[in-house]
Amino acid sequence: MEQTDAILRGDARVGNRHARQRSAAFKKLRAYGDAGRDALVVLLSHPRMDVRGMAAVYLLRHRTTEAKAVLQEIAKGEGLAAFEASEALKRWAEGTWALDLE
């Protein structure tokens, strides 16, 4: 949430700091294998679209059906989250998505 809020304020420095923290947190979860990935599933129903979308992006390989459904719903909307969701779906379809490779 903090990353999105920083981006919307135009504060790239703070946004990038939160992006690095998010990536580091995912690496720690991934170290626990699928059980760590499953910890993100609860975020697929978070009230904020940006949180749901980011969780779905990280879960595309592990929970493909659920993650794609979340991203497709978000992509129907407008704004940053919708753009990010549509780009994630595009990268997935192209085979260039690479956030959680086996």
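Residues numbered from 1 in each chain as written. Predicted model: local features only at pLDDT ≥ 70, side-chain atom pairs only at ≥ 80, totals over all residues. Heavy atoms only, no water.

### Thoughts on the packing of helix α5 (residues 64-75) against helix α6 (residues 80-94)
- The contact between α5 and α6 brings their axes to 7 Å, and the two run at 135 degrees. Taken together, the axes of α5 and α6 are oblique relative to one another. As α5 runs across α6, the sense of the crossing is left-handed. Facing α5, whose interface residues are Thr 64, Lys 68, Leu 71, Gln 72, Ile 74 and Ala 75, α6 presents Ala 81, Ala 82, Ala 85, Ser 86, Ala 88, Leu 89 and Trp 92.
- The residue makeup of the contact of α5 with α6, split by class, is nine nonpolar, three polar and one charged. (Axes fitted to C-alpha atoms, helices over the stretch in contact; angles between N-to-C directions. Helix = DSSP H or I, 4+ residues; strand = E, 2+ residues; numbered from the N terminus. Parallel < 35°, antiparallel > 145°, perpendicular 65-115°, else oblique. Left-handed = near helix turned anticlockwise from the far one by under 90°. Contact = heavy atoms within 4.5 Å. Nonpolar A, V, L, I, M, F, W, Y, C, P; charged D, E, K, R; others polar.)

### Quick look at the nonpolar core
- Counting residues in each nonpolar core, the largest one holds 19 residues, and the members touching the most others are Leu 44, Ala 56, Leu 59 and Leu 71.
- Those elements giving two or more residues to this core turn out to be α4 (49-59), α5 and α6.
- It is α4 that provides the largest number of residues to this core, a total of five residues.
- Beyond its immediate chain neighbours, meaning those up to four positions away, Leu 44 contacts Arg 52, Ala 55, Ala 56, Leu 59, Glu 66 and Val 70. (Core = buried A, V, L, I, M, F, W, Y, C linked by side-chain atoms within 4.5 Å. Buried < 20%, exposed > 50% of the residue type's maximum accessible area, 1.4 Å probe, protein only.)

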